[in-house]
Amino acid sequence: MSDIGADEPGWRERAACLRHPAVLFFGVDDSEAPPDRRTREEQAKLICRECIVRTECLAHALETREPYGIWGGLNEVERKARLRAMAKAAR
Ligand code: SF4
């Protein structure tokens, strides 16, 4: 059992991002220019906002410390900040 949130089996099958190219959520490589990255990430986050498994997705990404990409509407920097905030709140 998760200490962050339920990692419901099968949530990936209902993911909105399955209908979109993975590159939108992960980019191509480190050569992506910051303005291009911001634009891409905003587009991905719009999809996440409407996704019915956003909670499960974000819980999974936080639990597994997913190092790359948009998960549950947050990029890796935002997820690290969320984890820090959760750790601080748990103290
Ligand atoms: S929240 Fe975003 S990344 Fe997660 S499953 Fe849904 S669309 Fe995909």
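Just so you know, these numbers come straight off a predicted model, no measurement behind them.

S.K.: Help me understand the environment of Arg79 in this model?
M.R.: Within the element layout of this structure, Arg79 appears in helix H4 (residues 76-90). Look at Arg79 and you get buried, because its relative accessible area is 2%. The spatial distance from the C-alpha of Arg79 to the C-alpha of Tyr68 is 9.9 Å, given a sequence separation of 11 residues. With near-sequence residues (within four places) excluded, Arg79 lies in contact with Leu58, Ala61, Leu62, Glu66, Pro67, Tyr68, Gly69, Ile70, Trp71 and Leu74.

S.K.: Sorry, what's going on with the pattern of salt bridges here?
M.R.: Pairs may arise between side chains of opposite charge once their charged atoms sit close together. Scanning the entire structure with this criterion turns up 5 salt bridges. A salt bridge links Arg37 to Glu76; the shortest N-O distance between them is 2.8 Å. Pair noted here: Arg37 is in helix H2 (residues 34-49) and Glu76 is in helix H4, with a separation of 39 residues, a long-range link. Residue class for Glu76 comes out buried when judged on its relative accessible area of 16%.

S.K.: Hey, could you run me through H4 in this one?
M.R.: Working note: α-helix, 3.6 residues per turn, so residues spaced by three or four point in the same direction. For H4, built from 15 residues, the straight-helix expectation of 21 Å at 1.5 Å per residue is met to within 8% by its first-to-last C-alpha distance of 21 Å. Taken together, the buried residues of H4 touch H2 and helix H3 (54-64). Two to three positions downstream of the cap, the backbone nitrogen of Val77 sits 3.1 Å from a side-chain oxygen, assigning the N-cap of H4 to Asn75.

Basis of the calculations
Residues numbered from 1 in each chain as written. Predicted model: local features only at pLDDT ≥ 70, side-chain atom pairs only at ≥ 80, totals over all residues. Heavy atoms only, no water. Helix = DSSP H or I, 4+ residues; strand = E, 2+ residues; numbered from the N terminus. Buried < 20%, exposed > 50% of the residue type's maximum accessible area, 1.4 Å probe, protein only. Contact = heavy atoms within 4.5 Å. Salt bridge = Lys/Arg side-chain N within 4 Å of Asp/Glu carboxyl O. Expected span 1.5 Å × (residues − 1). Polar contact = N/O pair within 3.5 Å; in protein donor to acceptor, adjacent residues only side chain to side chain.

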